[in-house]
Amino acid sequence: MPLTGVSLDELVALTLRSLRQAPTGLAALLSATAEALDARLVAVSLVPASGRAETLGAAGPDGPGLSQRTGEDHAMLRSLSRQMEPAPVHPDLRAGAWIDHEHVWSVTSCIDEETSCVVIAAGDHPMDPEELLRASAPMTVLAFIISQDRTSKDLRHHAVEADQQRSLLLAGLHHDLRTPLTGIVGSARTLIQRDEQLAPAVRREFLDSIVRQADRLTRMVADTLDRGNDRDGPVRQSKVKVADLCERAVAAAQMSRGGSISVEAPDEEICTDGDRVERALLNLLDNALKYSPEGSSVYLIAESLEGRARFTVADQGPGVAHDVLPRLFSPYVSDAGRSDGTGLGLNSAKQVVEEDLSGRLSYSRHEGWTRFVIDVPVEVEA
């Protein structure tokens, strides 16, 4: 459909009919423009204020050979985006597919405050600038529709991601809050049911456990209220004894699930976020106690290495199924053959260790032992 002799109303009607399928309509307009101008190549490109230029479509005999934007093409389009009137492109500016054509003209339109639409036509004969300007108007409208549609899709995608992240945050928070709540309830129930049978020292131990778990719960809730959309609030570095940190994690895990845990930890002081390390250890110890054979012990071994601390949680359980290993630390992933949990514990531990503490959480299975190892950078106190 040559554009010569086509009225403005007809051009508007053609553009409106193309709105539902803007890419298809743009291709049709490019083909019609190439025919009307007797052009070898016609292309329309988006040039953002920042970032790379992008060609939306091309037509004409040389259209199929139009290459992806190179650095030179990008520079050419960037320069042309500042030229609003139809004008010939200077030979020194031409690049890529445009370099060998005798006559090259361009026209630029602003489609919003950040993006320009550049229409370029090249051929063996002089161009009619008015015809090129006329043809560029509907193409600019369709380029704007394509740009806005992409923006809408990006916004919808980000909204879905944000909603998924919010759901994961809430699920992870519920999972992490469950351990101190279970410890508080278990200790309180024991005091109520066996108060007269407990020695003063044992009673004191249960009360201390309730206070520790309540303090942890208070800090977690406060962090949640303070952090907004951040998962765990600011990292709080402080001095902590490795042995004390391990003992607190072990006490909380046993109050929640019971079982036997053997601890080997140096009596050294390190500087780290003790609450986060303890939270990660709790998740690992909880899993180890859950899957250990009855009557066997779980081992927590802590080491103070040069510039880092290592915590190994080992048990004699069956280990992780091979088909689960590739997704072991992903959210909601669990071994269907042995787990009735939410599949959030290991994901929570990995996020705490690797995203918050810049450390590493790894899994291994060797000679009947399942091992999870936490490595975190720390400052060791002399």
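Please read all numbers here as calculations on a predicted model, not as lab measurements.

**Q** Teacher, can you tell me more about helix H7 (residues 274-291) here?
**A** Between the first and last C-alpha of H7 there are 26 Å, a value that for 18 residues agrees with the 26 Å anticipated at 1.5 Å per step. Of all 18 residues making up H7, 16 are buried, and the element is well covered by its neighbours.

**Q** Before we go on, may I ask you to explain the sheet that holds strand S11 (residues 360-366) in this structure?
**A** Within a sheet, adjacent strands bond to each other through the backbone by hydrogen bonds, running parallel or antiparallel. The 5 strands lie next to each other as S7-S9-S10-S12-S11, forming an open sheet whose pairing is mixed. Taken across any chain shown, the strands that pair with only one partner, and hence form the sheet edges, are strand S7 (260-264) and S11. Sheet twist, expressed as the mean angle between neighbouring strand axes with direction ignored, is 15°. Where S11 and strand S12 (residues 369-377) come together, 7 bridges link them in antiparallel fashion. When the bridges of S12 are listed, Leu 361 appears paired with Ile 374. On the sheet, H7 packs against S7, strand S9 (297-305), strand S10 (308-315), S11 and S12 and is oriented at approximately 15° with respect to S10.

**Q** In this structure, what is going on with the environment of Arg 134? I would like to understand it.
**A** Inspection of the secondary structure assignment puts Arg 134 in helix H4 (residues 129-194). Residue classification places Arg 134 among the partly exposed positions, given a relative accessible area of 28%.

**Q** How do you make sense of the environment of Ser 330 when you look at a structure like this?
**A** With respect to the secondary-structure elements, Ser 330 resides in the loop between S10 and helix H8 (345-356). For Ser 330, a relative accessible area of 31% puts it in the partly exposed group. Residues Ser 330 and Ser 348, spaced 18 residues apart in sequence, show a C-alpha to C-alpha distance of 9.2 Å.

**Q** Which parts of the structure should I look at to understand the sheet that holds strand S1 (residues 41-48)?
**A** Judged by pairing direction, the sheet is antiparallel, and its 5 strands sit side by side in the order S2-S1-S5-S4-S3 without closing on themselves. The open sheet is flanked by strand S2 (54-59) and strand S3 (87-88), the only strands paired with a single partner. Two strands pair when backbone bridges link them, and S1 and S2 are joined in this way by 5 bridges, in the antiparallel orientation. Within S2, the residue paired with Val 44 across the bridge is Gly 57.

**Q** I'm lost on the nonpolar core in this one. Help?
**A** For soluble globular proteins, nonpolar side chains are generally found buried alongside one another. The biggest cluster of nonpolar side chains holds 39 residues, and the ones touching the most others in it are Leu 281, Leu 285, Leu 300, Phe 311 and Ile 374. When contributions to this core are tallied by element, the ones reaching two or more residues are helix H6 (242-257), H7, S9, S10, H8, S11 and S12. For this core, the leading source of residues is H7, giving 8 residues. The residues touching Leu 300, leaving out its near neighbours within four places in the chain, are Cys 246, Val 250, Ile 261, Ser 262, Val 263, Glu 264, Leu 281, Leu 285, Phe 311, Thr 312 and Val 313.

**Q** Would you explain the pattern of salt bridges in this entry?
**A** Two side chains carrying opposite charge are able to pair once their charged atoms lie near each other. A complete count under the given rule lists 12 salt bridges for this structure. Two residues, Asp 208 and Arg 204, come together in a salt bridge whose shortest N-O distance is 3.4 Å. With Asp 208 and Arg 204 both in helix H5 (residues 200-227) and 4 residues apart, this pair spans about one turn of that helix. On the accessibility criterion, Asp 208 (28% relative accessible area) is partly exposed. A salt bridge links Lys 241 to Asp 267; the shortest N-O distance between them is 3.9 Å. You can see Lys 241 sitting in strand S6 (residues 238-241) and its partner Asp 267 sitting in the loop between S7 and strand S8 (269-272), a full 26 residues away along the chain. Owing to a relative accessible area of 37%, Lys 241 belongs among the partly exposed residues under this scheme. Note on Asp 267: relative accessible area 61%, which makes it exposed.

About the thresholds
- Residues numbered from 1 in each chain as written.
- Predicted model: local features only at pLDDT ≥ 70, side-chain atom pairs only at ≥ 80, totals over all residues.
- Heavy atoms only, no water.
- Helix = DSSP H or I, 4+ residues; strand = E, 2+ residues; numbered from the N terminus.
- Expected span 1.5 Å × (residues − 1).
- Buried < 20%, exposed > 50% of the residue type's maximum accessible area, 1.4 Å probe, protein only.
- Pairing = 2+ DSSP bridges.
- Axes fitted to C-alpha atoms, helices over the stretch in contact; angles between N-to-C directions.
- Contact = heavy atoms within 4.5 Å.
- Core = buried A, V, L, I, M, F, W, Y, C linked by side-chain atoms within 4.5 Å.
- Salt bridge = Lys/Arg side-chain N within 4 Å of Asp/Glu carboxyl O.

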